[in-house]
Amino acid sequence: MVSCPLSPTGVCGCCGALRPRYKRLVDNIFPEDPEDGLVKANMEKLTFYALSAPEKLDRIGAYLSERLSRDVARHRYGYVCIAMEALDQLLMACHCQSINLFVESFLKMVRKLLESDKPNLQILGTNSFVKFANIEEDTPSYHRSYDFFVSRFSEMCHSSYEDPDIRTKIRMAGIKGLQGVVRKTVNDELQANIWDPQHMDKIVPSLLFNLQSGEGAVCFRRFPGSSPSSRQKEKESPVELTERCFRELLGRAAYGNIKNAVTPVLMHLDNHSLWEGKTFAVRCFKIIMYSIQSQHSHLVIQQLLGHLDANSKSSATVRAGIVEVLLEAAAIAASGSVGPTVLEVFNTLLRQLRLSVDFELTGSYDPGSSMGTKIIKTHGERQLQEAVIRTIGSFANTLPTYQRSEVMLFIMGKIPVPGVHPALSSSCSGPEGTRMIQIMLLKSLVQVTAGFQTTNMLTALPSSFLEPLLSFSLTEDPEVRLLVIHILLSLIDRHDNRPKFSAISIISDISVLKLKVDKCSRQDNLFMKKHGQQLYRHIYLGCKEQSSGRQHYENLYNLLALLSMELANEEVVVDLIRLALALQDLALSTEESMPVFNRCAIHALAGAYLNLICQLTTVPAFCQHIHEVIEVRQKEAPFLLPEDIFIEGLPPSLEKVEGEVLFLQSKITEVLGGSGYNIDRLATPYIPQYTGKQDWAPVGMEEQERERRRQVVEKFQKAPPPPSPSGTISSGYGQTQSRSVPVYEMKFPDLCVY
C-alpha cells in the first residue's frame, strides 16, 4: 500500500478503493481542512454502517484510535478533535453486544489525550470521558479498569499550571473526570470497587484540595430539587463544582462504604493541620452530614469519636477542632441517629474531659515521662473543655426522653466523690483535679437537662439521680452548689416559667408575668410526697452557706417559685410557706455566725417568695399581711428587700430586726386557716429533715450529712445492675441452669416504672 502524506486519509486515490469499507467510511468523515469540522453527511453514513454491521464496531474503534494516535504525534490537533467527536457520536448511537470492544478503543484514545502535556487535549479527553460516563451500557464488562483514570484525574485536580485560567480549567476537568468515574463504577458490581481505600485515598483528597481553595463559599443543605440548572453549571466555580461532586459521591455511599469515604477526610485534615482552624473542618462535615443518607449519620459520628480518641495526646486546638465538628454533626443528625451505642458517645466525651483536666493541671501529655513533653496551654485546654460540654448537650438534644434520662444517670455515676470512689477522679492531679472534674461533669448535666420535658417527675428525677445530686449541694464549693440548682431548675421547669424569675424582686401584680400554672398531677403529688423534704432541706442549707452569693439566692428563689407553680398542691404550699418563715428565723438567729449580706439576702428572698405565693393562693387576708410588711420594709428597712440588698449593696450596719418588718407565723396561720388550710401544720415550725418522718438535729449536722452523703453515693455507685430477662437458678448441686425470669419477678429501676 502506498502512503500519501498530502491526503488526510494517508493513502493515495489509486489504492483507496482497495481498502475495507469501514476504513473508507472513517476516512470520509475527515475533511481536507480540519477547520471545516466533521463531515456530517459522511458521519451519518458511518453511524448507519456501524448500526447495520455491529460486528465491525470494534474495528471502527481500533482504526479511529490508530488515526488519533498518529494525529497526536504529528500535532494535527484539528483532526484529533474530529476523531473524538466521531467517537462520542458512535458511543451515543450504538448499544450492541460488541460495544465493549469499541469502548476499549475509546478509552485507549481518551488515555492518549490525558497523557498529553497539552491542556487542551487533556480537557478534550476529559469531556469525552464524561459523556461516556453518562451512558448506560446494555452489556456488562468483566475486565475494564479505571485505575489510570482515577489517578490521572486526581493529578489534574492538583494542577499547578502557570497560567491561572488554564490551571482552573484543568482542575475543573479533573473534578468532572472523577465525577464521571464515580458515576460509571459506583453501581457496577463487575467493576473494581471505587470505594476501596486505594481509590478513595486519591479521590477524596483531590476534592478537598479544590474545596479548600474557596473556603468562603456557602455550604447549602440538602433540599429536594436544589440541584443547579445546566446554565448554572456552566458558570460554576471549581469550588462549587467540587462541592456538588463531593455531595454526589457521599450520596451514593451505602452503609458499608461510609467509613472508606470519611477516613480520607480525617487524614486530609490531620495532614494539613486543618482541625485547628475549625472552619474548613466544620464545613467538610456539614457537607458530609447533609449528603449521606440520614440513617448512616451515626457511622460518621462514631468515626469522629474514634478519631478524637486517637488524638488524645494532640494539642488542645486539634482536639477542640474535632469536638467542634462533633458538635455540628450532632446538631445535623436526625433524632436518635447517634446509634445503638449512646452511652459510648458520652463515655468518650467524658473521658476527654478527664484527660484535659489532667493535662491542664500536670502540664504534660505524659505525666510519667519527663522527656520530650509538649508545652500545654491552659487557655487551650479550657476552650476544649467548654467545647466538649457544649457537644454533650448537643448530642443529648437529639435523644428521646428515656435515653436522655439514661445519660443523666450515666454522667451522675461518673462524678467523683473524694474518699468514696476516688478511682473516678483525676488520677494525676489530686484534689484540685477532682474538683475540676466535678464541675465539668455538673456543667455537662446542665447541658443535658436544658430543655428537658417530662410529664412525670418521678421519671425525670428518680431517687438514683436526685439523691446523689442533692448530696453535692452540701459541698463547700459555691460553684458546685450553683450548678446543682441550675440542674434542678431545668428539670422542674416544664412550662418555661423560669426566665420570668431570672432576677429576684418584689412583684406587686404577678398577672403581668403571664405565668403558666397547671393543676398538679397524681405523679407530681407522689414525687413531692417522696422527695419534697429533700428539696426543702437543700434550699434551707443552701441559704445558710456563708459562701452563697447573689446568684445563689436568685436561683434558690427561682427554685421556690417553680416548685410553687409546677408541683404544689395544698400540702406543698403549706410546707413552702413554713420553709420561707424558717428562713426568716434563720436570718434572725444569733446562734449562726452569718455575715450581714447573707442575713439580708435571706430576708429578701423570704419576702420576695411570700409576696409571690400569697398571690398564687389568692387569699386576700394573706396578701394583705404580706404587702403590709413589705411596705414597712420599703420605708424603714429597704435592705431587707431584694431591690436594695442585691443592687444598692450592704447597709452600714444591721441593727436588731423586729416588729412590723417581720412576717408573723401566727398571723399567716390564722388567715390561711380561715381559708381551709391545715392550721396544725402551718403552726409547726419547719425543721430540716433527712426524710419526711425524721427531724434533723442541729448538733453535729455537718458530720451526719457528710456520712449520709457517703452512704448514698456509695450505694448508687456499687448497686448491682438489674437482672437480665434470662437469669440463672441453682440446681442444688453447685451447678446452674438457665431460666427466664417472669416479668412480674423482675426488679425494674425507678426510671422504667410508671
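Here the structure is a predicted model, which means the values were calculated and not measured. Position labels on residues start from 1 in each chain and follow its written sequence. Per-residue local features of the predicted model are confined to residues with pLDDT of at least 70, and side-chain atom pairs are confined, for both listing and counting, to 80 or more; whole-chain, interface and lining totals are unaffected and use all residues. Only hydrogens and water are set aside; all other atoms, that is, all heavy atoms of the structure, feed into the side-chain values.

Draft legend 1. Fine view of the overall build of the chain. Looking only at helices and strands, one finds 32 helices and two strands in the chain. Residue burial is assigned from relative accessible area. The probe radius is 1.4 Å, only protein chains are included, and a residue is buried under 20% of its type maximum, exposed over 50%, and partly exposed in between. Residues counted as buried form 53% of the 754 residues belonging to the chain. Residue pairs at least 24 apart in sequence account for 73% of intrachain contacts in the chain once pairs closer than 6 positions are excluded. In the form shown here, the chain has an accessible surface area of approximately 35300 Å², with 52% of it arising from carbon and sulfur atoms. Only runs of H or I of at least four residues qualify as helices and only runs of E of at least two qualify as strands under DSSP, and these elements are numbered from the N terminus. Here, two residues are considered to be in contact whenever any of their heavy atoms come within 4.5 Å of each other. Using a 1.4 Å probe, accessible areas were evaluated by the Shrake-Rupley method; residue-level cover was limited to the displayed protein chains.

Draft legend 2. Representation of the nonpolar core within the structure. Counting 223 residues, the largest nonpolar core has Phe 246, Trp 275, Phe 285 and Phe 622 as its most contacted members. Ranked by residue count, the leading element in this core is helix α26 (residues 570-588), at twelve residues. In this structure Phe 285 touches Val 262, Val 265, Leu 266, Leu 269, Trp 275, Val 300, Leu 304 and Val 325, once residues within four positions along its chain are discounted. Nonpolar cores are built from buried Ala, Val, Leu, Ile, Met, Phe, Trp, Tyr and Cys residues. Side-chain atoms within 4.5 Å join them into one set.

Draft legend 3. Up close: the confidence of the model for the chain. Chain-level statistics for the chain give a pLDDT mean of 83 and a share of 80% at 70 or above. Think of pLDDT as the predictor's per-residue confidence, scored from 0 to 100. Confidence, read as mean pLDDT per element, is least for strand β1 (residues 726-730) in the chain (40) and greatest for helix α13 (residues 258-271) (96). When the criterion is pLDDT under 50, residues 216-226 qualifies, and its contacts beyond four places in sequence or with other chains add up to 18 contacts.

Draft legend 4. Structural view of the packing of aromatic side chains. In this scheme Phe, Tyr and Trp rings, the latter by its six-membered ring, pair at centre separations within 6.5 Å, and the angle between planes marks the pair as stacked below 30 degrees, edge-to-face above 60, and tilted otherwise. Applying the stated criterion across every chain yields a total of 16 aromatic pairs. Judged by centre distance (5.9 Å) and plane angle (65°), the rings of Phe 30 and Tyr 79 are edge-to-face. Taken as a pair, Phe 30 in the loop between α2 (21-28) and α3 (40-52) and Tyr 79 in helix α5 (residues 77-93) lie far apart in primary sequence, 49 residues in all. Judged by relative accessible area, Phe 30 falls into the buried class, the value being 5%. Feature note: the residues Phe 106, Phe 129, Phe 132, Tyr 146, Phe 148, Phe 149 and Phe 153 constitute an aromatic cluster, connected by ring pairs. We call a charge positioned over a ring when the NZ of a Lys or the CZ of an Arg lies within 6 Å of the ring centre and within 35 degrees of the ring normal. In this structure, Arg 67 packs its charged tip against the face of Phe 30, placed 3.9 Å from the ring centre.

Draft legend 5. Structural context of unusual backbone geometry. Located in the positive-phi region is Asp 496, a residue other than glycine, with phi close to 55°. One can find Asp 496 in the loop between α23 (478-492) and α24 (522-544). The residue Lys 514 is not glycine, and still its phi comes out positive at about 50°. Along the chain, Lys 514 turns up in the loop between α23 and α24.

Draft legend 6. Summary view of the side chain of Gln 615. Locating Gln 615 in the fold gives a position in helix α27 (residues 596-617). Two N or O atoms form a polar contact when they lie within 3.5 Å of each other; inside protein one atom must be a possible hydrogen donor and the other a possible acceptor, and for residues adjacent in sequence the pair counts only when both atoms belong to side chains. Of note is the side chain of Gln 615, whose polar atom sits 2.9 Å from the backbone oxygen of Ile 507. Gln 615 has contacts with Ile 507, Ser 508, Asp 509, Ile 510, Cys 623 and His 627, leaving out every residue within four places of it along the chain.

Draft legend 7. A look at the environment of Glu 467. Mapped onto the elements, Glu 467 comes out in helix α22 (residues 463-471). When the C-alpha atoms of Glu 467 and His 531 are compared, they prove to be 9.1 Å apart, with 64 residues separating the residues in sequence.

Draft legend 8. Representation of the side chain of Asp 575. Looking at the element boundaries, Asp 575 is found in helix α26. Those residues in contact with Asp 575 that sit more than four places away from it in its chain are Gln 533, Tyr 536 and Arg 681.

Draft legend 9. Here's a closer look at helix α17 (residues 342-362). Between its first and last C-alpha atoms α17 spans 31 Å; for 21 residues at 1.5 Å apiece the expected length is 30 Å, and the two agree. Trailing α17 by a residue or two, Gly 363 shows a phi angle of about 75°, which is positive. Here the expected length of a helix is defined as 1.5 Å per residue gap, with one fewer gap than residues.

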